[in-house]
Amino acid sequence: VIDTIEGMPKVGEWIPTTERLPEKKGNYLFTTTGYDCARVLILSFDPDDELAVEIARTGVDLAAWMPLPEAYGEESAE
């Protein structure tokens, strides 16, 4: 049980692209590397696109990813 819990993704943590990729098509936060700096970008990712998967798995330019947070919305006062 402990191994299962430790193997589960943690909310708000970066997931290395060499470890796993998003399972659903959508927009995600990606950390990119290269040109002596790191950047955080919102990129569209499609796990059915073989070229996108191959590029992401190399971990050269796309180092890690995480789901986008929920959009801000004011709570309604009832």
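Residues numbered from 1 in each chain as written. Predicted model: local features only at pLDDT ≥ 70, side-chain atom pairs only at ≥ 80, totals over all residues. Heavy atoms only, no water.

A description of the overall build of the protein should follow, citing residues and the corresponding values.
A tally of regular secondary structure across the protein gives 2 helices and 4 strands. Along its sequence from the N terminus, the protein presents helices and strands in the succession α-β-β-β-α-β. Burial analysis of the protein (78 residues in total) assigns 22% to the buried set. Summarising the internal contacts of the protein: among those between residues at least 6 apart in sequence, 55% fall at separations of at least 24. Of the roughly 6,500 Å² that the protein leaves accessible, carbon and sulfur atoms contribute 54%. (Helix = DSSP H or I, 4+ residues; strand = E, 2+ residues; numbered from the N terminus. Buried < 20%, exposed > 50% of the residue type's maximum accessible area, 1.4 Å probe, protein only. Contact = heavy atoms within 4.5 Å. Areas by Shrake-Rupley, 256 points an atom, 1.4 Å probe, with all protein chains shown as cover.)

Lay out the packing of aromatic side chains in plain terms, naming residues and giving numbers.
For any pair of aromatic rings, the description consists of the separation of the ring centres together with the inter-plane angle of the planes. In this structure the tally under the stated criterion is 2 aromatic pairs. Their ring planes at 85° and their centres at 5.4 Å tell us that Y28 and W65 sit as a pair that is edge-to-face. Of the two residues, Y28 is situated in strand β2 (residues 26-34) and W65 in strand β4 (residues 62-67); the sequence distance between them amounts to 37 residues. On the basis of relative accessibility, which here comes to 4%, the residue W65 falls in the buried class. A ring pair is formed by F30 and F45, whose centres lie 6.1 Å apart and whose planes are at 50°; its orientation type is tilted. With F30 in strand β2 and F45 in strand β3 (residues 37-45), the pair connects residues that are 15 residues apart, well separated along the chain. (Phe/Tyr/Trp six-rings, centres within 6.5 Å; stacked < 30°, edge-to-face > 60°.)

Explain the sheet that holds β4 residue by residue, including any values.
Here 4 strands make up an open sheet; going across it, the order is β1-β4-β2-β3 and the pairing antiparallel. A strand with exactly one partner marks an edge of an open sheet, and here the two such strands are β1 (15-16) and β3. Direction of pairing for β2 relative to β3: antiparallel, over a ladder of 9 bridges. Looking across to β3, one finds that N27 is bridged to S44. (Pairing = 2+ DSSP bridges.)

Tell me about the nonpolar core, residues and numbers included.
One finds I15, L21, Y28, F30, F45, V53, A56, L62 and W65 forming the largest nonpolar core, which totals 9 residues. Those residues in contact with V53 that sit more than four places away from it in its chain are L21, F45, D46 and P47. (Core = buried A, V, L, I, M, F, W, Y, C linked by side-chain atoms within 4.5 Å.)

So what about the environment of V40? Which residues, and what values?
With respect to the helices, strands and loops of the structure, V40 is situated in strand β3. Classification of V40 by relative accessible area gives exposed; the value is 52%. The spacing of V40 and A64 is 24 residues in sequence and 9.5 Å in space, taken between C-alpha atoms. Excluding its chain neighbours within four sequence positions, the residues that come into contact with V40 are W14, L29, F30 and T31.

Describe in detail the pairing of β2, supporting the description with residues and values.
The turn joining β2 and β3, which pair antiparallel and follow one another in sequence, is formed by 2 residues; a positive phi near 55° is taken by Y35. Alignment of β2 against β4, held across 5 bridges, turns out to be antiparallel. Within β4, the position partnered with T32 by the bridge is L62.

All we've got here are geometric facts, nothing functional implied.
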